[in-house]
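# An overview of the molecular structure
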Amino acid sequence: YDFFQISDSLWAVRLPKVKWLVGSSRWSPWLEMEKEQWTDRLNSQLNFISDKGKKLSDRIGTLSSLSEQWSASLQKVLKQILFDKSENDEIKIQAVLLLKQKPTMENMGILIKAMEQTQNQELLKPIFKALRIMNPNGPLLEEEMTQEQIDEAVQVWKKWWSEKEVSKSLLDDASLK
């Protein structure tokens, strides 16, 4: 959902699969809400997943249970998991699998950055598979690959991403004119 403030007392929302905005003055109290008051419907599960004091298998199980869900807050938690150097690789793999289910350019960028931050082949494998959704010709991680070949594959993915970023910025610039 995308919300738009039309005036001091009028808000509109863009609903999925609806071609028009729905407006209401009933949402005007939102303007006065503090950021801390906004919570995601998955808030309790996301807090549990983020708590490193909880049992790893329970955190992974909770993360797996969210496979049919999506929200900006879930994406933020997945990103935090992937970029946390002290986080367990098992939960990072589960985070990659969830990002794979929502193959947006933003999520591909998260995966590229995660790929750049790891040498763990068990984590690189699902990252490469997820990236292939957007680039089916990209390399996969094979068991018999040497470290040099893995590094080359990482470079191929980084090159693909840099070309995608340039293409996206050109499209954005063109759409503004």
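Refer to the structure above for everything that follows.
First, a word on scope: everything that follows refers to the structure included in this document. This structure is a prediction, so every number in the text was calculated from the model and none was measured.

## With respect to the overall build of the chain
Each helix and strand in the chain was counted, giving seven helices and three strands. Going residue by residue from the N terminus, the α and β elements of the chain occur as β-β-β-α-α-α-α-α-α-α. Counting the 177 residues in the chain, one finds 31% classified as buried. Considering only contacts in the chain between residues 6 or more positions apart, those separated by 24 or more positions represent 47%. Entry remark: accessible area of the chain is about 11500 Å², with carbon and sulfur atoms responsible for 51%.

## What about the sheet that holds strand β3 (residues 21–24)?
Across the sheet, which stays open at both edges, the three strands sit in the order β1-β2-β3 with antiparallel pairing between neighbours. Pairing within the sheet leaves two strands with one partner each, and these edge strands are β1 (2–5) and β3. Taken pair by pair, the neighbouring strands of this sheet meet at an average axis angle of 25°, ignoring direction. Judged from the four bridges that link them, strand β2 (residues 11–14) and β3 form a sheet pairing that is antiparallel. Bridge assignment links Trp 11 to a residue of β3, and that residue is Ser 24.

## Observations concerning the environment of Lys 52
Following the sequence through the fold, Lys 52 ends up in the loop between α1 (43–50) and α2 (56–65). A C-alpha to C-alpha distance of 9.8 Å links Lys 52 and Ser 86, two positions 34 residues apart in sequence. Here Lys 52 is in contact with Arg 59, Asp 84, Ser 86 and Glu 87, once residues within four sequence places are set aside. Within polar-contact distance, the side chain of Lys 52 engages the side chain of Ser 86 at 2.6 Å.

## Some details on the pairing of β2
Bridging between β1 and β2 involves four bridges; their strand directions are antiparallel. Counted as the bridge partner of Phe 3 is Val 13 from β2. Where β1 hands over to β2, the hairpin turn is made up of five residues, counted between the paired strands. The antiparallel hairpin formed by β2 and β3 contains six residues in its connecting segment, where Lys 17 sits at a positive phi of about 65°.

## Digging into α2
Here α2 has its buried residues at Arg 59, Ile 60, Thr 62 and Leu 63. Projected onto a plane normal to the axis of α2, the buried residues spread over an arc of 160° and lie on a single side. For α2, the elements touching its buried residues are α1, α3 (72–83) and α4 (89–100).

## Considering unusual backbone geometry
A positive phi angle, near 65°, is found at Lys 17, a position not held by glycine. The residue Lys 17 is located in the loop between β2 and β3 in this model.

## Some thoughts on the nonpolar core
Within soluble globular proteins, side chains that are nonpolar generally end up buried alongside one another. Core analysis: the largest hydrophobic core is formed by 36 residues, its most contacted members being Leu 63, Leu 111, Met 115, Ile 127, Phe 128 and Leu 131. Mapped by element, the contributors of at least two residues to this core are α1, α2, α3, α4, α5 (105–116), α6 (121–131) and α7 (147–176). The residues touching Leu 63, leaving out its near neighbours within four places in the chain, are Ile 49, Leu 74, Leu 78, Ile 81, Ile 91, Gln 94, Ala 95 and Leu 98.

## Notes on the packing of α1 against α2
Following both chains from N to C, one finds α1 and α2 inclined at 145°, their axes separated by 9 Å at the closest point. Read as a crossing pair, α1 and α2 show a hand that is left-handed. For the pair α1 and α2, contact is made by Gln 45, Phe 48, Ile 49 and Ser 50 and by Asp 58, Arg 59, Thr 62 and Leu 63, respectively. Taken together, the residues of the contact of α1 with α2 sort by class into three nonpolar, three polar and two charged.

Parameters at a glance
- Residues numbered from 1 in each chain as written.
- Predicted model: local features only at pLDDT ≥ 70, side-chain atom pairs only at ≥ 80, totals over all residues.
- Heavy atoms only, no water.
- Helix = DSSP H or I, 4+ residues; strand = E, 2+ residues; numbered from the N terminus.
- Buried < 20%, exposed > 50% of the residue type's maximum accessible area, 1.4 Å probe, protein only.
- Contact = heavy atoms within 4.5 Å.
- Areas by Shrake-Rupley, 256 points an atom, 1.4 Å probe, with all protein chains shown as cover.
- Pairing = 2+ DSSP bridges.
- Axes fitted to C-alpha atoms, helices over the stretch in contact; angles between N-to-C directions.
- Polar contact = N/O pair within 3.5 Å; in protein donor to acceptor, adjacent residues only side chain to side chain.
- Arc of directions from axis to C-beta.
- Core = buried A, V, L, I, M, F, W, Y, C linked by side-chain atoms within 4.5 Å.
- Left-handed = near helix turned anticlockwise from the far one by under 90°.
- Nonpolar A, V, L, I, M, F, W, Y, C, P; charged D, E, K, R; others polar.

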